[in-house]
Structure formats: structure tokens, C-alpha cells
Amino acid sequence: MSIDLKQTAGANVKPVDDARLFNFMLSNKVGIVEGVEITHLGANQLKVFAGWGICQGRMFTVEEEIISAETSPNGEIEGRLLINIDTSNDVPATFITQAAVSLPALVQEDINSSGTVYQIPLVEYHVNEVQCGELTDVRVMLEVTETAVRKAQQAAENAMPKSGDIFTGDVAAYSINRATGCLRNIEVRTTDANGTMQSTNKIIMVRK
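An account of the accompanying structure is given in this report.

What counts as what
- Residues numbered from 1 in each chain as written.
- Predicted model: local features only at pLDDT ≥ 70, side-chain atom pairs only at ≥ 80, totals over all residues.
- Heavy atoms only, no water.
- Helix = DSSP H or I, 4+ residues; strand = E, 2+ residues; numbered from the N terminus.
- Buried < 20%, exposed > 50% of the residue type's maximum accessible area, 1.4 Å probe, protein only.
- Contact = heavy atoms within 4.5 Å.
- Areas by Shrake-Rupley, 256 points an atom, 1.4 Å probe, with all protein chains shown as cover.
- Patch = residues over 30% accessible without salt bridge, like charges linked within 9 Å, V, L, I, M, F, W, Y side chains within 5 Å.
- Salt bridge = Lys/Arg side-chain N within 4 Å of Asp/Glu carboxyl O.
- Polar contact = N/O pair within 3.5 Å; in protein donor to acceptor, adjacent residues only side chain to side chain.
- Pairing = 2+ DSSP bridges.
- Axes fitted to C-alpha atoms, helices over the stretch in contact; angles between N-to-C directions.

### Notes on the overall build of the chain
The helix and strand tally for the chain stands at two helices and 14 strands. Looking at the chain as a whole, 28% of its 208 residues are labelled buried. The long-range fraction of contacts in the chain, counting pairs at least 24 apart against all pairs at least 6 apart in sequence, stands at 50%. As displayed, the chain has an accessible area near 14300 Å², and 51% of this comes from carbon and sulfur atoms.

### With respect to a nonpolar patch on the surface
A cluster of nonpolar side chains, namely L21, F22, F24, M25 and L26, defines an oily patch on the protein surface of about 530 Å² accessible area. For L26, a relative accessible area of 35% gives the class partly exposed.

### Observations regarding the environment of K47
With respect to the helices, strands and loops of the structure, K47 is situated in strand 3 (residues 45-48). Between the alpha carbons of K47 and I66 there is a distance of 4.5 Å; along the sequence they are 19 residues apart. Beyond its immediate stretch of four places on either side in the chain, K47 contacts E37, I38, T39, L41, E64, E65 and I66. Among the polar contacts listed, one links the side chain of K47 to the side chain of E64, at a separation of 3.4 Å.

### Brief notes about the pairing of strand 1 (residues 31-35)
In terms of burial, strand 1 is a largely internal element, four of the five residues being buried. The pairing of strand 1 with strand 4 (residues 51-55) spans four bridges and is classified as antiparallel. Along strand 4, the bridge assignment pairs E34 with W52.

### With respect to unusual backbone geometry
A negative phi angle characterises most non-glycine residues, just as the trans form characterises most peptide bonds. Its identity is not glycine, yet S27 carries a phi of approximately 55°, on the positive side. Along the polypeptide, S27 turns up in the loop between helix 1 (15-25) and strand 1. Using a relative accessible area of 52% as the deciding quantity, one classes S27 as exposed. Of note, the phi angle at N28 is positive, near 65°, even though the residue is not glycine. Note on placement: N28 falls in the loop between helix 1 and strand 1.

### A look at the sheet that holds strand 8 (residues 93-100)
Pairing is antiparallel across the open sheet formed by four strands, whose spatial order is 8-7-9-10. On the outer flanks of this sheet lie strand 8 and strand 10 (132-137), each paired with one strand and no other. The mean inter-strand angle of the sheet, taken between neighbouring strand axes irrespective of direction, is 30°. Alignment of strand 7 (residues 77-86) against strand 9 (residues 117-127), held across ten bridges, turns out to be antiparallel. Note that in strand 9 the partner of L82 across the bridge is P121.

Okay, structure coming up:
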């Protein structure tokens, strides 16, 4: 039995090692981060727009492409376009379209362990012998940390008062009087009895 420390000089770090680390950091999230929208061009033609996503810690990119959807042999049935990731294949990521009276269950194995295949659905639709239609977007969209932080910052800015307005956010305060909490980097100016401008670099907030 031995221990193999990956983050050290001369270590052999394999793709699956990186994938396991990133998958842990991303809390096992799988889906599309940006783009990969699908539109119908007519007949059985589907247009995939460029974008990128994450599958169990493995990043994939998508280039714009036109896909010919599998059609029905007889009458209208269900259809689906998905990304098929197969780590055992020389081409590990491909588009697959399916057509069936009832769509099969997605194959979603642990590709960082004993599994090799993970399917990521993009769009479902109805399809007959010549064309598809009634597209339903089934992408799972992931929000990267930067985007989440940017949204939180915008929410905070929206809550802050404008000139002559009222603060609309929430302020956390101790349940007892304490003169130790302050908001940093906020300048408050007041005028003393002699008309001289006074300045402080903090606001002391005391709960009454």
C-alpha cells in the first residue's frame, strides 16, 4: 500500500485526478455554463450555438454546428439532442440525437471512477418522418462563482440609498448595545457648531 501525493514536484497528475478535484470544488455540478443554445432551422435541422460546460469536473467546449436529428420511421414520436461523453472513446465528446416512442433513460455514470459514459441533455422535441418541432430547452445552466458574486454585488448596490432616498436593504445588529461594530470605508461628513466640516471614516451602529 502506498500514498501518492499529486500536488508535489515530479508527481504524475492524470486527467482523472484534476477532474476529481474540480468536481469536488464544484460540488458535483454538471451542466452548461454559457451558450449551447439550440434553434430549429426547419425540417430535421437543429443549430447548436457555441458555448461551454462542466461534466463531473471536466470542462468541455462546444463550437457552432448544425445537427441532423434522427427522424421517426412512422408517425410522430419523441426526440432528444444530447452531449454524449464517453471517456473510453477516442472521440470522448459527441452530439447524439434520439428518437423513440418513449425516450430512454439517460446514461449518467461516474466517469471519474468505474463508469465511462455521461449524457447531458440539451433539448427535447417531437419528430416525425421529415421534421422536428415543439422544442423544449432542457439544459441545466450552471452559475459560476464570478457570476454569483456579481449578482450579489448588484443586489447590494440596488439596496443602497440614492441622494435623498431611503435604504431598502437589511442591517445586521447585535441584540445588546455594543459600540464596537462599524462599517468601513464609508465617509460621513457633518458640520459642527462653528460651521466647520467634520469627517469620520466609520459609522458606529448601536442597537437601541
